[in-house]
Amino acid sequence: MPSATIITGASSGIGRELALLLAEEGATLYLLGQNPERVSEVADLVEARGGTAHPHVCDLTNFEATEAWYREVVGQGVVIEALYHCVGRNTFGEVADLLMDDLEWVYQTNLLTAAQWVSLVYPDMAKRGGGTLVLLSSLSAYAGFPMATPYAASKQAMLALGYSIWPEAAEVGVNFHIACPGFVQTRIFEASRFRDCDLAGVMQCIRKLGFPIMSADKAARRLLKDVRRGKRLIIFPLYAKLMAFLGRRMPWFIDIFHRRVIRMLAEKSTTPQPHGDA
């Protein structure tokens, strides 16, 4: 039976770069994304690099449609040997300024879509006794991130999902990975929602903190390398490893860091921008 890899969030960022890397190895890829033009562009690039592309434009928070699509694909005899789940959304702002709709917008995309893909793909992999499942979490799962509370909470829940499934997955031969990168240059920043802050202020804050923003290509290469090395928990770059360590063992240090973030963003507070969409 033919085998393939699913990449969600394939139209931009780490998902896009993973697709291009795997295409060079001749992989068959199902490319899921929300923007028709960008999904089509990535599909063309995949084909040009030697891969086989099956683009699919969708809203992953439409859970019924997502399951129906997956059942149709596997019903055609396709074996999904790997899943890279790379979607994400963010809302910046103090918790007091957030709306319930902001929370739902982030949690549905970041957490519930991940949970659904695990529920769809993992049982089939477990029955076969093999497969690779990669969820893209974040450094904020360990260290948190003020002014992006829903994002950090959703990513920490994703990390807990990995810790809970790892023992079970190991028993049935499924490779389950959680990736927690630091700051990566993707569309998630410009597509975020902002409450009493703005994109310029957020980016300036990150630069002042001194954390380098990694390119999506470099992040994808590092992620793929660590997946193939068998690392279950993937944290990069070096400063992210340090922050993850401190977040668990020296929370008082992280609190000092977080207070600095809040002060810097408060200084740049402006009228909220229109809602973005990932």
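Each remark here, short or long, concerns the structure printed above.
All values derive from a computational prediction rather than experimental measurement. (Residues numbered from 1 in each chain as written. Predicted model: local features only at pLDDT ≥ 70, side-chain atom pairs only at ≥ 80, totals over all residues. Heavy atoms only, no water.)

**Q** Would you mind going over the environment of A141 in detail, with residue names and values included?
**A** Structurally, A141 can be placed in helix α5 (residues 140-143). In sequence terms A141 and Y151 are 10 residues apart; their C-alpha atoms lie 8.7 Å from each other. Leave out the neighbours within four places in its chain, and A141 touches A152, K155, Q156 and L159. (Helix = DSSP H or I, 4+ residues; strand = E, 2+ residues; numbered from the N terminus. Contact = heavy atoms within 4.5 Å.)

**Q** I'd like a rundown of the pattern of salt bridges, residues and numbers included.
**A** Within the structure shown, the criterion is met by 12 salt bridges. E24 serves as the salt-bridge partner of R49, at 3.1 Å between the closest nitrogen and oxygen. Taken together, the residues span a long stretch of sequence, with R49 in the loop between α2 (36-48) and β3 (52-57) and E24 in the loop between α1 (13-23) and β2 (28-33) at a distance of 25 residues. Look at R49 and you get partly exposed, because its relative accessible area is 39%. Note that D255 is salt-bridged to R259, the shortest N-O span being 3.0 Å. Here D255 pairs with R259, and both are found in helix α10 (residues 251-267), just four residues apart, close to one helical turn. One continuous salt-bridge network, built from bridges that share partners, spans D101, D102, R193 and R195. (Salt bridge = Lys/Arg side-chain N within 4 Å of Asp/Glu carboxyl O. Buried < 20%, exposed > 50% of the residue type's maximum accessible area, 1.4 Å probe, protein only.)

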